[in-house]
Amino acid sequence: MRTVYLDHNATTPVHPGVLDAMLPYFSQVFGNASSLHQSGREAKAALENARQSIAEVLGCRASEIIFTSGGTESDNFAIKGTAFANRKKGKHIITSSIEHHAVEISCRFLEKEGFEVTFLPVDSCGFVDPDDLKKAIRPNTTLVTIMYANNETGVIQDIEALGSVTREAGVYFHTDAVQATGKIPYKIDDIGCDMLSISAHKLYGPKGVGLLYIKSGTNIIPWNEGGGHEKGMRAGTENVAGIIGLAEAIKIAHKDIAARTVKLNKITRKFYESIKARIPDIQFNGHYEKRVPNTINISFKAIEGEAIVLSLDMKGIMVSTGSACTSGATDPSHVLRAMGVSREMAQGSIRFSFGRSNSIEDVDYVVDILAKEVNRLRSISPLYADSSG
Ligand SMILES: *Cc1c(COP(=O)(O)O)cnc(C)c1O
């Protein structure tokens with residue numbers, strides 16, 4: 001059976017170039033980067049080369065990059081690390097209502113620890129208004145954490161405007177750039193953030209590795225303690241092979257970002273246009289222009305998203321109802337609900353996230369099957385009979 005993978009926002013396959021770059025670091029250059037001997041020094045040199053290469057692509061200093069186990073750890077570290085380091089100054093944090101769980105639950109943890117958290121609303125397209133942010137900042141605010149591109153809708157925040165509000169107010173600004181990196185050719189300087197999270201496996205790198213950019217001078221305490229790795233900021237023997245993979249993945253992504261943007265825009269636009277032409281009672285969620293070009297989120301009236309996921313899976317097509325972490329749960333997406341999408345439509349939403357393995361030929365193939373499955377599911381849905389009759 002032909003398979004079509006449309007879940008690149010959940011994870012991506014490791015790029016062959018990334019795998020090649022990593023392989024020597026499993027068994028040939030296997031040393032512990034903290035060891036003083038030759039094998040350790042080789043690993044350490046490779047680690048620092050990777051750091052330098054990432055710094056050049058992202059536009060920061062190598063010393064401002066701390067390697068972690070991925071996006072979740074980077075978000076936890078940034079949020080808890082700055083909140084606790086600056087708690088004498090104030091205990092108020094600002095975030096948005098559409099964050100990934102790694103950010104949202106970290107903020108919920110802080111609430112239990114006596115911090116106050118403001119969850120900013122978003123408009124119907126999923127944007128945080130920089131004026132809302134400005135008004136929410138108080139004298140005791142220490143940190144603002146707002147994501148760059150959303151994992152469910154692909155919507156890209158006006159991150160520079162948000163950054164400049166935080167700079168004027170003198171509060172720290174962290175952004176979860178996990179879905180933006182490799183899709184938007186940003187430079188950290190342009191964003192004006194103090195911290196930024198990246199995960200390798202969302203950009204054709206290996207799972208279990210990522211980084212946190214921390215602007216030099218940021219007051220943050222380490223969240224992982226132990227042997228003083230990463231200049232004492234993140235203890236734990238460095239995942240050298242993974243870090244080499246992360247560096248190579250970032251390098252490869254940035255080489256063809258413009259060409260991929262053109263290609264993915266073509267694919268996702270055609271995809272949405274043909275769904276619109278062939279399937280009634282659908283709703284586009286997000287912003288058609290200001291989104292990462294690989295992501296399209298659509299609600300299908302009167303069907304459960306999970307039912308679509310499972311029936312497409314039987315046909316070899318892999319999609320998701322939104323964030324992978326919530327699949328299995330029956331609660332509708334908090335992201336779509338925050339955008340004002342009705343409970344019913346949020347429950348029938350599907351995230352299609354395209355990637356390197358897809359071509360324009362996938363569009364007709366997938367939409368054919370999707371149209372049939374949606375028809376079939378609606379024909380047995382009492383909800384659809386009600387609403388159309
Ligand atoms: C996937 C994802 C994360 C978590 O990254 P992991 O490396 O899987 O822990 C965080 N934020 C966003 C926006 C993501 O899409």
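Now for a description of the structure that goes with this document. What you are looking at is a predicted structure, and each value in this text was computed from that prediction instead of being measured.

Pairing between side chains of opposite charge can happen when their charged atoms approach one another. Evaluation of the coordinates by the stated rule reveals 16 salt bridges. With a closest N to O distance of 2.7 Å, Glu73 and Arg234 form a salt bridge. Taken together, the residues Glu73 in helix α4 (residues 71–85) and Arg234 in the loop between β8 (210–214) and α9 (240–255) connect sequence positions 161 residues apart. Comparing Glu73 with Arg234 shows no difference in burial state: the two are buried.

With that settled, the discussion passes to the site of the ligand. Near the ligand there are 13 residues, and of these Thr72, Asp176, Gln179, Ser199 and Lys202 occur at the shortest range. A distance of 2.8 Å is found between an oxygen atom of the ligand and a backbone nitrogen or oxygen belonging to Gly71. Residue His201 places a side-chain N or O atom 2.8 Å away from an oxygen atom belonging to the ligand. Protein chains shield 88% of the accessible area of the ligand, which is 380 Å² for the free molecule. Here the shell around the ligand gets three residues from one element, more than from any other, and that element is α4. For the shell around the ligand, a count of residues per class yields two nonpolar, eight polar and three charged.

A few words on the pairing of strand β6 (residues 172–176). Looking down a regular strand, the side chains alternate between one sheet face and the other. The buried fraction of β6 is high, at five of five residues. Residue alternation in β6 divides its side chains into two sets, Tyr172, His174 and Asp176 and Phe173 and Thr175, and both sets are buried. Pairing between strand β5 (residues 141–145) and β6: three bridges, direction parallel. When the sheet's bridge partners are listed, Leu143 is paired in β6 with Tyr172. When β6 meets strand β7 (residues 195–199), the two strands line up parallel, connected through three bridges. Paired with Thr175 across the two strands is Leu196, which belongs to β7.

A word on the sheet that holds strand β12 (residues 349–353). Pairing between the strands of a sheet is mediated by backbone hydrogen bonds and can be parallel or antiparallel. The sheet built from three strands is open, its strands ordered β9-β10-β12 with antiparallel pairing. Edge positions in the open sheet fall to β9 (282–285) and β12, since each of these has one partner strand only. Strand after strand, the sheet turns through a mean of 30° between neighbouring axes, direction not considered. Judged from the five bridges that link them, strand β10 (residues 295–300) and β12 form a sheet pairing that is antiparallel. Directly across from Ser299, in β12, lies its bridge partner Ser349. Contacts from helix α10 (residues 257–278) reach β9, β10 and β12 within the one sheet, and its direction differs from that of β10 by about 15°.

Taking 1.5 Å per residue as the helical rise, helix α5 (residues 101–112) with its 12 residues ought to reach 16 Å, and the 16 Å between its terminal C-alpha atoms agrees with that figure. Buried within α5 are the following residues: Ala102, Val103, Glu104, Ser106, Cys107 and Leu110. One or two steps after α5, the chain reaches Gly114, where phi turns positive at roughly 95°.

Reading guide: rules and limits
Residues numbered from 1 in each chain as written. Predicted model: local features only at pLDDT ≥ 70, side-chain atom pairs only at ≥ 80, totals over all residues. Heavy atoms only, no water. Salt bridge = Lys/Arg side-chain N within 4 Å of Asp/Glu carboxyl O. Helix = DSSP H or I, 4+ residues; strand = E, 2+ residues; numbered from the N terminus. Buried < 20%, exposed > 50% of the residue type's maximum accessible area, 1.4 Å probe, protein only. Near = heavy atom within 4 Å. Polar contact = N/O pair within 3.5 Å; in protein donor to acceptor, adjacent residues only side chain to side chain. Areas by Shrake-Rupley, 256 points an atom, 1.4 Å probe, with all protein chains shown as cover. Nonpolar A, V, L, I, M, F, W, Y, C, P; charged D, E, K, R; others polar. Pairing = 2+ DSSP bridges. Axes fitted to C-alpha atoms, helices over the stretch in contact; angles between N-to-C directions. Contact = heavy atoms within 4.5 Å. Expected span 1.5 Å × (residues − 1).

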